[in-house]
4 protein chains.
Amino acid sequence: MGLVMHATATSEQVEAVVTHIEELGLKPHLSNGTERTIIGAIGEGMVASQYQDHFTIMAGVDRVIPISRPYKLASREFCPVNTQFQVGGAAFGGDGVVIIAGPCAVESRSQTLEIAYAVKEAGATMLRGGAFKPRTSPYSFQGLGEEGLEILADVRLATGLPVITEVMAPEQVPLVASFADMLQVGARNMQNYPLLNAAGESQHPVLLKRGLSATVEELLMAAEYILAHGNRRVALCERGIRTFETSTRNTTDINAIPVLKDLSHLPVILDPSHSTGHWQYVSAVARAAIAAGADGLIVEVHTHPEKALSDGGQSLKPERFAEMVRQVRAVALAVGRSLPEAINLPVRAANMAEVL
Amino acid sequence: MGLVMHATATSEQVEAVVTHIEELGLKPHLSNGTERTIIGAIGEGMVASQYQDHFTIMAGVDRVIPISRPYKLASREFCPVNTQFQVGGAAFGGDGVVIIAGPCAVESRSQTLEIAYAVKEAGATMLRGGAFKPRTSPYSFQGLGEEGLEILADVRLATGLPVITEVMAPEQVPLVASFADMLQVGARNMQNYPLLNAAGESQHPVLLKRGLSATVEELLMAAEYILAHGNRRVALCERGIRTFETSTRNTTDINAIPVLKDLSHLPVILDPSHSTGHWQYVSAVARAAIAAGADGLIVEVHTHPEKALSDGGQSLKPERFAEMVRQVRAVALAVGRSLPEAINLPVRAANMAEVL
Amino acid sequence: MGLVMHATATSEQVEAVVTHIEELGLKPHLSNGTERTIIGAIGEGMVASQYQDHFTIMAGVDRVIPISRPYKLASREFCPVNTQFQVGGAAFGGDGVVIIAGPCAVESRSQTLEIAYAVKEAGATMLRGGAFKPRTSPYSFQGLGEEGLEILADVRLATGLPVITEVMAPEQVPLVASFADMLQVGARNMQNYPLLNAAGESQHPVLLKRGLSATVEELLMAAEYILAHGNRRVALCERGIRTFETSTRNTTDINAIPVLKDLSHLPVILDPSHSTGHWQYVSAVARAAIAAGADGLIVEVHTHPEKALSDGGQSLKPERFAEMVRQVRAVALAVGRSLPEAINLPVRAANMAEVL
Amino acid sequence: MGLVMHATATSEQVEAVVTHIEELGLKPHLSNGTERTIIGAIGEGMVASQYQDHFTIMAGVDRVIPISRPYKLASREFCPVNTQFQVGGAAFGGDGVVIIAGPCAVESRSQTLEIAYAVKEAGATMLRGGAFKPRTSPYSFQGLGEEGLEILADVRLATGLPVITEVMAPEQVPLVASFADMLQVGARNMQNYPLLNAAGESQHPVLLKRGLSATVEELLMAAEYILAHGNRRVALCERGIRTFETSTRNTTDINAIPVLKDLSHLPVILDPSHSTGHWQYVSAVARAAIAAGADGLIVEVHTHPEKALSDGGQSLKPERFAEMVRQVRAVALAVGRSLPEAINLPVRAANMAEVL
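The structure reproduced in this document is the subject of the present report. Since we're looking at a predicted model, the values are computed, not measured. (Residues numbered from 1 in each chain as written. Chains lettered and ligands numbered in written order. Predicted model: local features only at pLDDT ≥ 70, side-chain atom pairs only at ≥ 80, totals over all residues. Heavy atoms only, no water.)

1. What about the overall build of chain A?
Along chain A, the regular secondary structure elements total 13 helices and 14 strands. Taken along the three principal axes of its C-alpha coordinates, chain A extends 85 × 45 × 40 Å. Expressed as a percentage of the 356 residues in chain A, the buried residues total 67%. Once local pairs closer than 6 in sequence are excluded, the contacts in chain A between residues at least 24 apart make up 69%. Placing the 29 positive and 37 negative side-chain charges of chain A at their respective mean positions leaves the two points 6 Å apart. (Helix = DSSP H or I, 4+ residues; strand = E, 2+ residues; numbered from the N terminus. Buried < 20%, exposed > 50% of the residue type's maximum accessible area, 1.4 Å probe, protein only. Contact = heavy atoms within 4.5 Å. Lys, Arg positive; Asp, Glu negative; His and termini not counted. Charge placed at Lys NZ, Arg CZ, Asp CG, Glu CD.)

2. Focus: the sheet that holds strand E4 (residues 61-65) of chain B
Residues and elements named next belong to chain B. Strand order in the open sheet formed by four strands is E2-E3-E1-E4, and the pairing between neighbours is antiparallel. Each edge of the open sheet carries a strand with a single partner, namely strand E2 (27-32) and E4. Ignoring which end each strand starts from, the neighbouring axes of this sheet average 20° apart. With six bridges joining them, E2 and strand E3 (residues 37-42) adopt antiparallel strand pairing. The residue of E3 that forms the bridge with Lys-27 is Ile-42. (Pairing = 2+ DSSP bridges. Axes fitted to C-alpha atoms, helices over the stretch in contact; angles between N-to-C directions.)

3. Side note on the packing of aromatic side chains
For the structure shown, the criterion picks out eight aromatic pairs over all chains. A centroid spacing of 4.5 Å and a plane angle of 20° characterise the contact between Tyr-193 of chain A and Tyr-225 of chain A, whose relative ring orientation is stacked. In this pair, Tyr-193 of chain A sits in helix H7 (residues 193-202) while Tyr-225 of chain A sits in helix H8 (residues 216-227), placing the two residues 32 residues apart along the sequence. When sorted by exposure, Tyr-193 of chain A lands in the same class as Tyr-225 of chain A, which is buried. With a centroid separation of 5.1 Å and an interplanar angle of 15°, the aromatic rings of Phe-85 of chain C and Phe-92 of chain C are classed as stacked. Across the pair, exposure class does not vary: Phe-85 of chain C and Phe-92 of chain C are buried alike. (Phe/Tyr/Trp six-rings, centres within 6.5 Å; stacked < 30°, edge-to-face > 60°.)

4. Overview of the relation of the copies chain D and chain C
Note on the identical chains: chain D maps onto chain C by a rotation of 180° and an axial translation of 0.0 Å, with an RMSD of 0.0 Å. As the rotation angle and translation indicate, the two copies are arranged about a two-fold axis. The rotation axis passes nearest to the C-alpha of Ser-213 of chain D in chain D, at a distance of 2.9 Å. When the interface residues of chain D are mapped onto chain C, 100% of them again lie at the interface, so the same face is used by both copies. (Least-squares fit on C-alpha atoms with pLDDT ≥ 70 in both.)

5. Quick look at the pattern of salt bridges
Applying the stated criterion across every chain yields a total of 52 salt bridges over all chains. For the salt bridge of Glu-245 of chain B with Arg-210 of chain D, the shortest nitrogen-to-oxygen distance reads 2.7 Å. In this pair, Glu-245 of chain B is assigned in the loop between strand E12 (234-238) and helix H9 (256-263) and Arg-210 of chain D in the loop between strand E11 (206-209) and helix H8 (216-227), connecting two distinct chains. A relative accessible area of 5% places Glu-245 of chain B in the buried class. According to the relative accessible area criterion, Arg-210 of chain D is buried, its value standing at 1%. Glu-323 of chain D is the salt-bridge partner of Arg-326 of chain D, the closest N and O atoms lying 3.2 Å from each other. One end of the pair is Arg-326 of chain D and the other is Glu-323 of chain D, both in helix H12 (residues 318-334) and three residues apart, which spans about a single turn. Residue class for Glu-323 of chain D comes out partly exposed when judged on its relative accessible area of 34%. Connected through salt bridges with shared partners, the residues Arg-210, Glu-238 and Asp-253 of chain A together with Glu-245 of chain C form a single ionic network. (Salt bridge = Lys/Arg side-chain N within 4 Å of Asp/Glu carboxyl O.)

6. Describing the relation of the copies chain A and chain B
Rotating chain A by 180° and moving it 0.0 Å along the rotation axis overlays it on chain B with an RMSD of 0.0 Å. The residues that chain A uses at the interface reappear at the interface of chain B in 100% of cases, marking a shared surface.

7. So, the sheet that holds strand E3 (residues 37-42) of chain C
All names here are of chain C. Read from one edge of the open sheet, four strands run E2-E3-E1-E4, paired in antiparallel fashion. Here the strands that pair on one side only, and so sit at the sheet edges, are strand E2 (27-32) and strand E4 (61-65). Taken over all neighbouring pairs, the strand axes of this sheet differ in orientation by 20° on average, direction set aside.

8. With respect to the interface of chain D and chain C
Listed per partner, the contact involves 47 residues of chain D and 48 residues of chain C. Across the chain D/chain C interface, buried area totals approximately 4,000 Å², and carbon plus sulfur atoms make up 56% of it. Of all residues in chain D, the largest losses of buried area upon contact with chain C belong to Ile-57, Thr-136 and Tyr-139 of chain D, amounting jointly to 17% of the total for that side. Ionic pairing is found between Arg-242 of chain D and Glu-218 of chain C, a salt bridge with its closest N-O pair at 2.7 Å. Remark: the boundary between chain D and chain C carries 19 residue pairs in polar contact (both at pLDDT 80 or more). Looking at the side of chain D that touches chain C, the elements with two or more residues in it are helix H3 (52-56), helix H7 (193-202) and H8 of chain D. Among the elements that take part in the side of chain D that touches chain C, H8 of chain D stands out by supplying four residues, more than any other. Split by residue class, the side of chain D that touches chain C holds 20 nonpolar, 17 polar and 10 charged. (Buried area = accessible area lost by both parts, 1.4 Å probe. Polar contact = N/O pair within 3.5 Å; in protein donor to acceptor, adjacent residues only side chain to side chain. Nonpolar A, V, L, I, M, F, W, Y, C, P; charged D, E, K, R; others polar.)

9. Topic: the environment of Pro-103 of chain B
Residue and element names in this part refer to chain B. For Pro-103, the location among the structural elements is in the loop between strand E7 (98-102) and helix H4 (109-122). Separated by 79 residues in the primary sequence, Pro-103 and Leu-24 have C-alpha atoms spaced 53 Å apart. Excluding residues that lie within four positions of it along the chain, Pro-103 makes contacts with Gln-111, Ile-115, Leu-127, Arg-128, Gly-129, Gly-130, Val-301 and His-302.

10. Some thoughts on helix H9 (residues 256-263) of chain A
An α-helical turn contains 3.6 residues, so any two residues separated by three or four positions project in the same direction. With seven of eight residues buried, H9 of chain A lies mostly within the body of the structure. Summarising the contacts, the buried residues of H9 of chain A are in contact with H8, strand E12 (234-238), strand E13 (268-270) and helix H11 (279-292) of chain A together with helix H11 (279-292) of chain C.

11. Observations concerning the packing of H11 of chain A against H11 of chain C
Contact geometry of H11 of chain A with H11 of chain C gives a least axis separation of 7 Å together with a crossing angle of 155°. In terms of orientation, H11 of chain A lies roughly antiparallel with respect to H11 of chain C. Note on packing geometry: the crossing formed by H11 of chain A with H11 of chain C is right-handed. Here Ala-284, Arg-287, Ala-288, Ala-291 and Ala-292 of chain A of H11 of chain A come into contact with H11 of chain C, specifically with Ala-284, Arg-287, Ala-288, Ala-291 and Ala-292 of chain C. (Parallel < 35°, antiparallel > 145°, perpendicular 65-115°, else oblique. Left-handed = near helix turned anticlockwise from the far one by under 90°.)

12. A few points about the nonpolar core
Counting 344 residues, the largest nonpolar core has Phe-321 of chain A, Phe-321 of chain B, Phe-321 of chain C together with Phe-321 of chain D as the members making the most contacts within it. Beyond its immediate chain neighbours, meaning those up to four positions away, Phe-321 of chain B contacts Ile-99, Ala-101, Val-119, Ala-122, Ala-124, Val-299, Val-301 and Leu-316 of chain B. Core analysis: the second largest hydrophobic core is formed by 15 residues, Met-1, Val-18, Leu-26 and Ile-39 of chain A among them. (Core = buried A, V, L, I, M, F, W, Y, C linked by side-chain atoms within 4.5 Å.)

Structure, rendered in structure tokens:
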């Protein structure tokens, strides 16, 4: 950490700062400029950064400048090679691009199964669907809960698609982990630390969504909470940030993709459904994400979006989703990535009958 | 809800929208402009608003415009009279101004007691102090946990000050409620719905902090979650929002004070410590809050901020806090509010000895 | 425009609003909901929108909701076909993708010529370079002014590349237009209306950059100022918006590309140099822009960025720029767009000698 | 400036940076941490800050950290004493609080005169009114132009109130300065550098409004442009910033008041009309501004806001403005400031007849 003293700081004030640095077990380093003195406090990065507030308040100190990044396990410096892991047939962080798709919410067995088949046919390799739904209004549909988890498990059985679903509270983690292949920590919970700790302890793969107003650095520090439990299977998800612009629901921070790939070794997924909020713009932003270097996409698809219990306005119909996948595949190839061809499924009706 | 059709919408598209409105049990109302058709969907406010997404995706629909506010119990229309309630000696929502003060984190019994006496002498009527601390870094001090709650209870006994402390997870609510007079739901958890539900069920008074990037409307909808459990003792807390400005930690949204008093009947508290992030600016913003109509303040105070385990840079020393209270009292009187005189405490050392 | 009355509005207040609508030559249209009355004021779109403020202040009115878009000439509804125009060899708005490149500032004849040759070889079809530089600090290099314009004209002669440069004040427009093929209105001047009017009157092609905190709608209204003078050759430029995120200089609003293509017929260009502020991230965001449907790019290139008089940190070196063009070409083909092959220039040294 | 090297930087890269620092005439200062090397580049503050971009692009450099503030004349360090100046009867920067009021736009002689008398009676000491109006839409009322300036001059004569009005282009400055006592540079033009230079050269008092998304630092650097011409009579105006919050037109950055008073010696004025955008919230925010330490207010007042040609929704009627002044006076006294009593004007009708 660097301490910039006021131009008017006295030598006593400089001395007091130096003394306190030494008391904390750090090494002081003075640099006398023409106008100001700057004092470095040298020590193992994250140790020093915890003491910043001590100095902001000391007399004569103008500003405290953090030097080391405040995360470690999530950093590219700590692990120069891309983290790769497999969730069912979906490979995160490799050459291939992961396509996760499905309804915003699990509404019924038949709805989920119908959508799951459709997205699998179109090329998705993982199914999304919410059983526990965080909703802004207490009067909105809050998800089917455990029944939704059971439906997801059945649909996985029928389709072979691994399943990701959101977990909203620490005590739900064991339950959700017993049904789902990957846990999703939603944007509103990115700094819900008891939940991050529980997700870390579960040792289950986690998709961590960026908070609505979280910086890239805060996203990496939230990942650090999970990684600190020895759980290395973490993927980061950009899903749009809140800005002044109102023509879309959120602003896709496309810069975050190369920035995250630069600062971290973790796979990066983009959610163009939430980051735009309008189905019309989803394909364009999905293509952009892959062009920018994202490792995958998570997309909302619904067979009857006009009757969806949530997020219908940003859900693609299956045929539009299939077209999106075709476009994304072309872009993936152009940037040296691959995306599996859409799979020819076995007789579909039969499977559905078995499950329903 | 109002539906603005595209200028090019066909009569079939208009018809389909009208039919779907009727299917949902709402009443359609057409208005043919010179360029576009607008269709109202009339029904009990919050019912209609749940179906917005249905329409965004229908062919020919350009935009969906919400008409009714999406909250009810929190609204001034629902309850035209200011909500008032008492927590120990602190009266929320009345003529008087509440001053809550104390350390960011409970660090030890002696530290908490010393600060509690100091803030009480200066005029505070409630003590704050974190036992469970949400920290951006997993490597930072995370609070004393249950031991911190015990300290708070002891200090309440010694000083007579009611106590507020943060609760971070739904399963902590019963424990925290058994020690504290008021629960604080922090900014990061404003949309942690399981926590809001648990706080609502507890029937304990709640201070609900506005999320870093939550709109005023979202704050009121978070309050609605608590109110929906019949828990009416909710106070709202503006604590600064995240903007592009970096000279302060957050941007105090002073507008939110008259806006919240206009839209809602709930008491409004301001936290100038977090909303500025620099002790130098705390008093100015505290005065501004009361001038703008806030019902109280929550302020971080520390006897040794340069050694505080968290947030030292924004904590006031007791003598500065006392000066702040004097200034705030003058402003309160100027706007027709009152603030109790600083209390002459009984022999302090004795009390401390008893407790320590 | 729609007027939502308060739930408590009296019939006299409704009557007064209706009367005032009629006074303004608009047609009122009442819709009585279960809780509130909504009044439409029907008239030619942009006429109605001018009177919004009249109604916000009338007793009983809760909110005024704009219905028509406040721009016309810039809208897709007004002109369903993409606007296309040619500036020298650069075609805006067609199947091909425009690549504009060059130094942030014209620093000298030799620097500009060297960079111009390099970007032409790499595939650029237009040269950028600032002669008048808007700088945050009055103590920074402010550009060579008219001398810079002369250099640009000479370099155009030598390389055959058309030239775009920024104009900062209305009285500079004729001068700049006499040297440059296309005028650039910078982000800081997006709402400098005398400048927009002068650019409109000039009938010169204009690249209009989005303001740092301008909404998509405001960008289109700024374009409307130029278009209203009968100047149809306007291209829009997304160059990043200001948000809370600090890991990049600005946040590239990639959503704005499909949104602008949807709402308007004007060509859309992206500036990844300013929208990221770090050369490391320029190529990724350039690829994303073309994948999302942008009609072109404007990129800062410098042969010696570490000695550039401005914006060195976000400038690509020629070889990196050439690599970026190769990547962008692959993505363009993947989304059905084209990009001319890099041109084999005539003997370069000779040309340089002639000009220098 | 401080240069943080990458943890992996080689000694050759460190050497190259040191050499370049010396080439620029600055003095290098190395500090070897446990993980990284940090290199200070020492020289006169603003000199060093111009070279930041040189280093961001050099191999091995991770980040460049500015140390000195990039403005000088505007800084409190340069001038520890508050700047004070007089414009007619209005004293900026002293103990008293300046109240500027009037219509958004000069619409007619009678309207302006009527409002001017009303605000003077209520306690205003300066009249505002726009003759040249920057409007988002080219189809909105753009102001009366020179005729508006003549009206303002006449009304000044009749009422004795000094006049402030906006100037939008450098070539308008001499004209506007010949009519008005103080020039207003609007928010949209805060970084219109030719205009700032012209305002500086005019040596006329200037009210500089903060841009919609300008940081406090950028506001001070814009002031620096004016001050650099030897024009010391500059007042800064906070008028709300653009954030995600939509319940008000802008977000009043109340923090900016103590921050600006801390960093600069220039007077600070708040515009609660634009910073809230709703007349209902103007008084509350006006009181807050004075409580926070602002040196004055600029407020929109209209006798018939429902018929105003612009900004009616945020204009106070004269009686509400008078009430606001009474409230502000009470707060001013509470924080040790003064505000002149409302003036008993001479026979009003007579004056009006003379002028009309």
